[in-house]
Amino acid sequence: MSKNIIYCTLGTVLGFLIGFFIANTLTRPGAQVAATTAATAPATGGEARPLGPEELGGELPPNHPDVGGATAGGGGSAAATSPAAQAAMDKADRAPKDFAAQLEAARVFYGLDDFGKAALYAGRAVELQPKNFDALVLAGNAKYDAGDFAAAEPFYERALEVKPDSPDVRTDYGNTFFNRRDYQRAIAEYRKSVAADPAHETSWKNIAAAALNLGDKATAAEAVERLAALNPQNPELGEMREKLEALP
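Every value quoted in this text rests on a predicted model; they were computed, and no experiment measured them. (Residues numbered from 1 in each chain as written. Predicted model: local features only at pLDDT ≥ 70, side-chain atom pairs only at ≥ 80, totals over all residues. Heavy atoms only, no water.)

S.K.: For this particular structure, what's the right way to read the overall build of the protein chain?
M.R.: Regarding its fold elements, the protein chain presents 11 helices and 2 strands. When the helices and strands of the protein chain are placed in sequence order, the string is α-β-β-α-α-α-α-α-α-α-α-α-α. Taken across its 248 residues, the protein chain has 48% of its residues classed as buried. Across the protein chain, the fraction of contacts at a sequence separation of at least 24, relative to all contacts at a separation of at least 6, is 64%. When the accessible surface of the protein chain is summed, it comes to about 12000 Å², and 57% of that surface belongs to carbon and sulfur atoms. (Helix = DSSP H or I, 4+ residues; strand = E, 2+ residues; numbered from the N terminus. Buried < 20%, exposed > 50% of the residue type's maximum accessible area, 1.4 Å probe, protein only. Contact = heavy atoms within 4.5 Å. Areas by Shrake-Rupley, 256 points an atom, 1.4 Å probe, with all protein chains shown as cover.)

If you want it as structure tokens, here you go:
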């Protein structure tokens, strides 16, 4: 009896640690929405839900860090003791009208997973150059990685006004709707992404995930087959097809 209790306790702790690790490595902009773990019941009676942090996965754009759980103020984060971060912050604070200094500080803090400080300096950069694509995207990424999808949305939207054919930013923009259960709007944005780049694998995968959440079998089937044509070795194809077959 005592051994069973010990084994159960160890299993519970191990499961928690694994779940925590996944949740802290997979939620970020540019992430592919994992259709294989999406709820696939039709969206009736409010039952459909967005994927949680542990249910997002996929390839990231270059230099895009994983989530590290830094606090908005930087306390306890690597940024708090980073000479590079302190130097960048000092330079930006001493020259608040220096766009390059604000953007560099935002990049440094973002690279250290301090999304609060990254959003602060990226926001200052946007104020100085409201149509700068890089600053707008970085501001959106900082808000997104902090889990504030509603706040990320307008930054991505403004970035797309500057470069409407950026499939990566369009996909991140769509993800802000996906994570707020607006699957129809998310699909509409992903379709704009594949219109600009028909080979954008992430967008097709996200279309499938959103359609599975809606119970839209036709759209999900289209996206799965397009994904298969682009990458027959995609490791999630098998499970995605199983989810698809399970739809009425």
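S.K.: Honestly, the nonpolar core in this entry has me stumped. Any pointers?
M.R.: Note that soluble globular proteins tend to have their nonpolar side chains buried in a common cluster. If you look at the biggest cluster of nonpolar residues, it comprises 60 residues, and the most contacted ones within it are F109, Y121, V169 and F178. Sequence-distant contacts of Y121, that is, excluding residues within four places in its chain, are made with M89, A92, D93, Q102, A105, A106 and F109. (Core = buried A, V, L, I, M, F, W, Y, C linked by side-chain atoms within 4.5 Å.)

S.K.: For this particular structure, what's the right way to read the packing of helix α7 (residues 167–178) against helix α9 (residues 201–214)?
M.R.: Helix packing for two helices is described by the angle between their axes and how far apart those axes are. Running from amino to carboxyl end, α7 crosses α9 at an angle of 15°, the nearest separation of the two axes being 11 Å. By the angle between their axes, α7 is roughly parallel relative to α9. The element α7 and its partner α9 pack so that their crossing is left-handed. Together, T171, N175 and F178 of α7 and T202, S203, N206, A209, A210 and N213 of α9 make up the contact between the two elements. For the contact of α7 with α9, the per-class residue count stands at 3 nonpolar, 6 polar and no charged. (Axes fitted to C-alpha atoms, helices over the stretch in contact; angles between N-to-C directions. Parallel < 35°, antiparallel > 145°, perpendicular 65-115°, else oblique. Left-handed = near helix turned anticlockwise from the far one by under 90°. Nonpolar A, V, L, I, M, F, W, Y, C, P; charged D, E, K, R; others polar.)

S.K.: I'm lost on the packing of helix α2 (residues 83–94) against helix α4 (residues 115–128) in this one. Help?
M.R.: Between α2 and α4, the least distance of the axes is 12 Å, while the angle of their chain directions is 35°. For the crossing formed where α2 meets α4, the hand is left-handed. Between α2 and α4, the contacting residues are M89, A92 and D93 on the first element and K117, Y121 and R124 on the second.

S.K.: What am I meant to see in the pattern of salt bridges here?
M.R.: Pairing is possible between side chains of opposite charge, provided their charged atoms come close. One pass over the structure, following the stated rule, counts 10 salt bridges. R170 is paired through a salt bridge with E189; the nearest N and O atoms lie 2.8 Å apart. Residue R170 is found in helix α7, and its partner E189 is found in helix α8 (residues 183–196); the two are separated by 19 residues along the sequence. As far as the burial class goes, R170 and E189 line up, both buried. Note that R241 and E225 form a salt bridge whose closest N and O atoms lie 3.6 Å from each other. (Salt bridge = Lys/Arg side-chain N within 4 Å of Asp/Glu carboxyl O.)

S.K.: I'm lost on the environment of A208 in this one. Help?
M.R.: Relative to the elements of secondary structure, A208 occurs in helix α9. Judged by its relative accessible area of 0%, A208 falls in the buried class. Between the alpha carbons of A208 and A223 there is a distance of 5.2 Å; along the sequence they are 15 residues apart.

S.K.: How should unusual backbone geometry be read in this particular structure?
M.R.: As a rule of thumb, non-glycine residues mostly have phi less than zero, and peptide bonds are mostly trans rather than cis. The phi torsion at D113 lies on the positive side, around 65°, for a residue other than glycine. Tracing the backbone shows D113 in the loop between α3 (99–111) and α4. Phi is positive for R181, which is not a glycine, with a value near 70°. The residue R181 is located in the loop between α7 and α8 in this model.

S.K.: When you look at α7 in this model, what are you seeing that I'm missing?
M.R.: For α7, spanning 12 residues, the distance from its first C-alpha to its last is 16 Å, which sits close to the expected 16 Å at 1.5 Å a residue. Of all 12 residues in α7, 11 are buried, a share of seventy percent or more. (Expected span 1.5 Å × (residues − 1).)

S.K.: What is the right way to read α4 from this model?
M.R.: For an α-helix, 3.6 residues make a turn, and residues three or four places apart therefore share a direction. Compared with the 20 Å implied by 1.5 Å per residue over 14 residues, the 20 Å span of α4 between its first and last C-alpha is a close match. What α4 keeps buried is the set F115, K117, A118, A119, Y121, A122, G123, A125 and V126. Where α4 is buried, its residues touch α2, α3, α5 (133–145) and α6 (149–162).

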